[in-house]
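Listed below are the residues making up each chain.
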Amino acid sequence: MHKLIPYMKKYVPVLLVIMALLIGQAMCELWLPTYTAAIVDEGIQQQGITHAAPDALRKSTLDGLMPLMGPAAQQVVSCYEANPEKLEALGVTLDGEEILVLREMDSTARAEVDGLFANAFAAMAMQEAAMDEDTAQNAGQQLAIAAVSAEYTALGMDLRAIQNRAIWYNGGMMLLIALLSAAAAVGVGFLGSRTSAGFGRDLRKQVFDKVLGFGQQEMDTFSTASLITRSTNDIQQVQNVMVMLLRTIIYAPIMGVGGIVRALRTNASMSWVIALGVAIVMMIVLVLYFFAMPRFKIMQTQVDGVNRVLRETLTGLPVIRAFCTQEREEERFDAASTALKKTQLFVGRLMGGMMPLMMLTMNGISVLIMWLGAGSIDAGSMQVGDMMAFIQYTMQIISAFLMISMMSVMLPRASVSAGRIHEVLAAEVRVADPETPVELDPSMAGVVEFRDVSFRYPGADEDMLCHISFTAKPGQTTAVLGGTGSGKSTLINLIPRFYDATSGNVLVGGRDVRDVRLTDLRDAIGLVPQKAVLFSGTVNENLTFGSVGITEETIRKAAQIAQAEEFVLERENGFDSEIAQGGTNVSGGQKQRLSIARAIAKQPEIFIFDDSFSALDFKTEAAVRSALYEATGNATLLVVAQRISTVMHAEQILVLDDGKLVGKGTHQELMKDCEVYRQIAMSQLSKEELEDATQR
């Protein structure tokens, strides 16, 4: 995941806000058990009385306690005074006896006085109830509260009102804290979802933009199925984990550490219960981690496999039907899908079995705390509310460690996906714009020149093209002919820089293609690839794909030249007719003619036809070539073909054989001087056709 951190810079302000909200929410959650305990202990058990030192008491009561306070007795006496106004405010109704009220003091002094009274009441209990010292000390606070309650009753104070005030105050604080916690949670959820969704969107855009800049070499490195998986499933995995990460990375540690501190303050003697609960949770998660982690990595590879088989099947459906191999393809897909299913089931069962174990652990720990707490309550060393708070703190601690552990399980899976995404984003694009680009020379517009060019595919042992040199000029047709695998398409791909030459120079417009911006270079070229590609949309949108601002007249003219206008107008909506994805609703010949029309509509300086007439019948091909040569004017035409009839009238024909240029010239010249060309011509044309062509 850390590899993707640099891509999150724009979200830093939002992340800081989320962190602040998480800290606030955690603090609120840690405060809630305190007020729960206060309602039970102070509001219900202690009738709203929270201090061992009473706010008001009879002087006779104070005099009776002074001998039990020892040297601090005079200090306690100085804390009380006669104040009728305060007595009235406290609701004291007893008359005929001197009554004292506690002076105003800070919390530290009040705690000290509370301790003195608690000790005094404990000593009184030892005398009156014959308790041992440890029991009396443990019960000192409760005894003090009981004594204060009796004193308030004697003074005529309304204990029900005191109790109600305590319950309403603590309940109100709980409600306020719960609302603040809920608001923080909603804020974190909202901002976290927006951040993760935005981050996922940005990653998809960056991956898509990166892939658009890939050359053929990079596309060969990453399979299409893998790139689709990386752009969808892998980014979704990272996005999902990011939501959880934003929710737990700050919240869980605060809850864990804060819960431990507060639990120990509540009752340190049961700290071993917390350690036991955390240890059990960690053991469960470690088992899960050990068995599930290797499967997560396998799962992503298997998703790639399913996508690859599905894509191949859908793309090659006509061939599959023609060879009646549906059952074999079903078996291939079933094998890939079953392998993924088994891995997912294994991981799913592990994850599904973990939650019941966690719930059993939490409930078991709760029962253990209740059992131990009952003994402490009976001994007077713990109150019911404190036990309830301890249970809540323990659950918070275990939940925090569970969240952290779960993140440690999910992060490796997301890290696998993040690594796969980073591989794409960090991939070095070998065909890129130069640091100091130059402009194409207008005086050399349309000129294509190869100077001793050789090319070798990455990882290959031999050159695919060897020392190729020629010049293609504007207003002329340069044809490339050769057998299958001779390097025709490879040679053509060097012109728009789909690959870079291994040695030598490819020049367009008088400039080495490696010194020109890719957009400038490719704007000057109209390419019709060997495999015609159409995009989903209308015919009009496909024909204007190569440029902006192409007029309707230009589109019509291009369709006429490509012999596509007739069948387009026969469709119900004409040029607004829909083309299905991949052009599946038009024939191969129609698709090829539309591809030719798209290149013509762009009106480039250089036309490249990479075996682009193979799906056309002879009559249509002749009509297209005739109209094309007439309409292209001063543009440079490079035509790759298998048929002699397609290239025999070209001003320059290049003959390739095993990557070498074995012939260059016109048809007549090559028939005399090039054995390879002569053999191809004799295999395709009759003697009469050859004689007729030679005489022209």
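This report concerns the structure included in the present document. This one's a predicted model, so the numbers in the text were calculated from it and none came from an experiment. (Residues numbered from 1 in each chain as written. Predicted model: local features only at pLDDT ≥ 70, side-chain atom pairs only at ≥ 80, totals over all residues. Heavy atoms only, no water.)

### What about helix α10 (residues 224-248)?
Right, so step 1: Between the first and last C-alpha of α10 there are 35 Å, a value that for 25 residues agrees with the 36 Å anticipated at 1.5 Å per step.
Right, so step 2: Residue R230 marks the point of greatest curvature in α10, where the axis turns by about 40 degrees. (Helix = DSSP H or I, 4+ residues; strand = E, 2+ residues; numbered from the N terminus. Expected span 1.5 Å × (residues − 1). Bend = angle between axes of the 7 residues up to and from the residue.)

### Points about the packing of helix α19 (residues 552-561) against helix α21 (residues 588-602)
Right, so step 1: Where α19 meets α21, the closest approach of the two axes is 8 Å, and the angle between their N-to-C directions is 135 degrees. When the axes of α19 and α21 are compared, the pair comes out oblique. Classified by chirality, the crossing of α21 by α19 is right-handed. Residues T554, A558, A559 and I561 of α19 lie in contact with α21, whose contacting residues are A597, I600 and A601.
Right, so step 2: Tallied by class, the residues present in the contact of α19 with α21 amount to six nonpolar, one polar and no charged. (Axes fitted to C-alpha atoms, helices over the stretch in contact; angles between N-to-C directions. Parallel < 35°, antiparallel > 145°, perpendicular 65-115°, else oblique. Left-handed = near helix turned anticlockwise from the far one by under 90°. Contact = heavy atoms within 4.5 Å. Nonpolar A, V, L, I, M, F, W, Y, C, P; charged D, E, K, R; others polar.)

### What about the environment of I99?
Right, so step 1: With respect to the helices and strands, I99 occurs in strand β3 (residues 99-102).
Right, so step 2: Separated by 17 residues in sequence, I99 and A82 place their C-alpha atoms 6.6 Å apart.
Right, so step 3: Ignoring any residue separated from it by four or fewer positions in sequence, one finds I99 in contact with L57, R58, A82, L87, V92, L94 and L155.

### Some thoughts on helix α22 (residues 618-631)
Right, so step 1: Taking 1.5 Å per residue as the helical rise, α22 with its 14 residues ought to reach 20 Å, and the 20 Å between its terminal C-alpha atoms agrees with that figure.
Right, so step 2: Among all positions of α22, only T620, E621, V624, R625 and L628 are buried. Buried residues of α22 fall within an arc of 130 degrees about the axis and therefore sit on the same side. Exposed side of α22, more than 90 degrees from the buried face: F618, K619 and E630 are the residues found there.
Right, so step 3: Next to the buried residues of α22 lie α19, α21, β12 (606-610), β13 (636-641) and α23 (644-647).
Right, so step 4: Within two residues after α22, G633 carries a phi angle of roughly 60 degrees, on the positive side. (Buried < 20%, exposed > 50% of the residue type's maximum accessible area, 1.4 Å probe, protein only. Arc of directions from axis to C-beta.)

### Section: the nonpolar core
Right, so step 1: Ranked by size, the top nonpolar core spans 47 residues in total, and within it L594, I596, F609, F613, I644, I653 and Y677 carry the most contacts.
Right, so step 2: If one sorts the elements of this core by residue count, α21 sits on top with six residues.
Right, so step 3: Those residues within four positions of Y677 in sequence are excluded, and the remaining contacts are L481, I644, M648, I653, V655, H667, L670 and M671. (Core = buried A, V, L, I, M, F, W, Y, C linked by side-chain atoms within 4.5 Å.)

### As for the packing of helix α1 (residues 12-45) against helix α11 (residues 251-266)
Right, so step 1: For the pair α1 and α11, the least separation of the axes is 9 Å and the interaxial angle reads 30 degrees. Classified by the angle between their axes, α1 and α11 sit roughly parallel to one another. Like other packed secondary-structure pairs, α1 and α11 cross with a definite hand, here right-handed. Mapping the contact onto sequence places L22, I23, Q25, A26, M27, E29, L30, W31 and T34 in α1 and Y251, I254, M255, G258, G259 and R262 in α11.
Right, so step 2: A per-class count over the contact of α1 with α11 returns nine nonpolar, four polar and two charged.

### Let's talk about the sheet that holds strand β2 (residues 80-81)
Right, so step 1: Spatially, three strands are ordered β1-β3-β2 in an open sheet, and the strand pairing comes out antiparallel. With partners counted over all chains shown, the strands left at the sheet margins are β1 (56-58) and β2, one partner each.
Right, so step 2: Pairing analysis gives three bridges linking β1 to β3, with the strands arranged antiparallel. If you follow L57 over to β3, its bridge partner there is L100.
Right, so step 3: On the sheet, helix α2 (residues 59-69) packs against β1 and β3 and is oriented at approximately 80 degrees with respect to β1. (Pairing = 2+ DSSP bridges.)

### Some words on the packing of aromatic side chains
Right, so step 1: According to the stated counting rule, one finds eight aromatic pairs in the structure shown.
Right, so step 2: Aromatic pair Y457 and Y499: ring centres 5.3 Å apart, planes at 90 degrees, arrangement edge-to-face. Highlighted residues: Y457 in the loop between β4 (448-455) and β5 (465-472) and Y499 in the loop between α16 (488-493) and β7 (503-508), separated in sequence by 42 residues.
Right, so step 3: Ring centres of F607 and F609 lie 5.9 Å apart, and the angle between their planes is 5 degrees; on these two criteria the pair is classed as stacked.
Right, so step 4: The class of F607 is buried, set by a relative accessible area of 4%.
Right, so step 5: By relative accessible area, F609 is classed as buried at 0%.
Right, so step 6: Ring pairing ties together the aromatic residues F455, Y457 and Y499, which thus form one cluster.
Right, so step 7: Between the NZ or CZ atom of R262 and the centre of the ring of W31, over which it lies, the distance is 4.4 Å. (Phe/Tyr/Trp six-rings, centres within 6.5 Å; stacked < 30°, edge-to-face > 60°. Lys NZ or Arg CZ within 6 Å of the ring centre and 35° of its normal.)

### Structural notes on the environment of S595
Right, so step 1: Looking at the element boundaries, S595 is found in helix α21.
Right, so step 2: Assessed through its relative accessible area of 1%, S595 is described here as buried.
Right, so step 3: Along the chain, S595 and R556 lie 39 residues apart, while their C-alpha atoms are 14 Å from each other.
Right, so step 4: In contact with S595, other than residues within four places in its own chain, are V528, A532, V533 and L534.

### With respect to the pattern of salt bridges
Right, so step 1: Applying the stated criterion to the full structure yields 23 salt bridges.
Right, so step 2: Close ionic contact of E423 with R230 constitutes a salt bridge, the shortest N to O distance being 2.9 Å. Here the residue E423 occupies a position in helix α15 (residues 384-426), and R230 occupies one in helix α10, the gap between them amounting to 193 residues.
Right, so step 3: Linking R517 and D520 is a salt bridge whose minimum nitrogen-to-oxygen distance equals 3.6 Å.
Right, so step 4: Owing to a relative accessible area of 34%, R517 belongs among the partly exposed residues under this scheme.
Right, so step 5: What makes D520 partly exposed here is its relative accessible area of 23%.
Right, so step 6: Beyond isolated ion pairs, a larger network of salt bridges with shared partners links E81, K86, R103 and E104. (Salt bridge = Lys/Arg side-chain N within 4 Å of Asp/Glu carboxyl O.)

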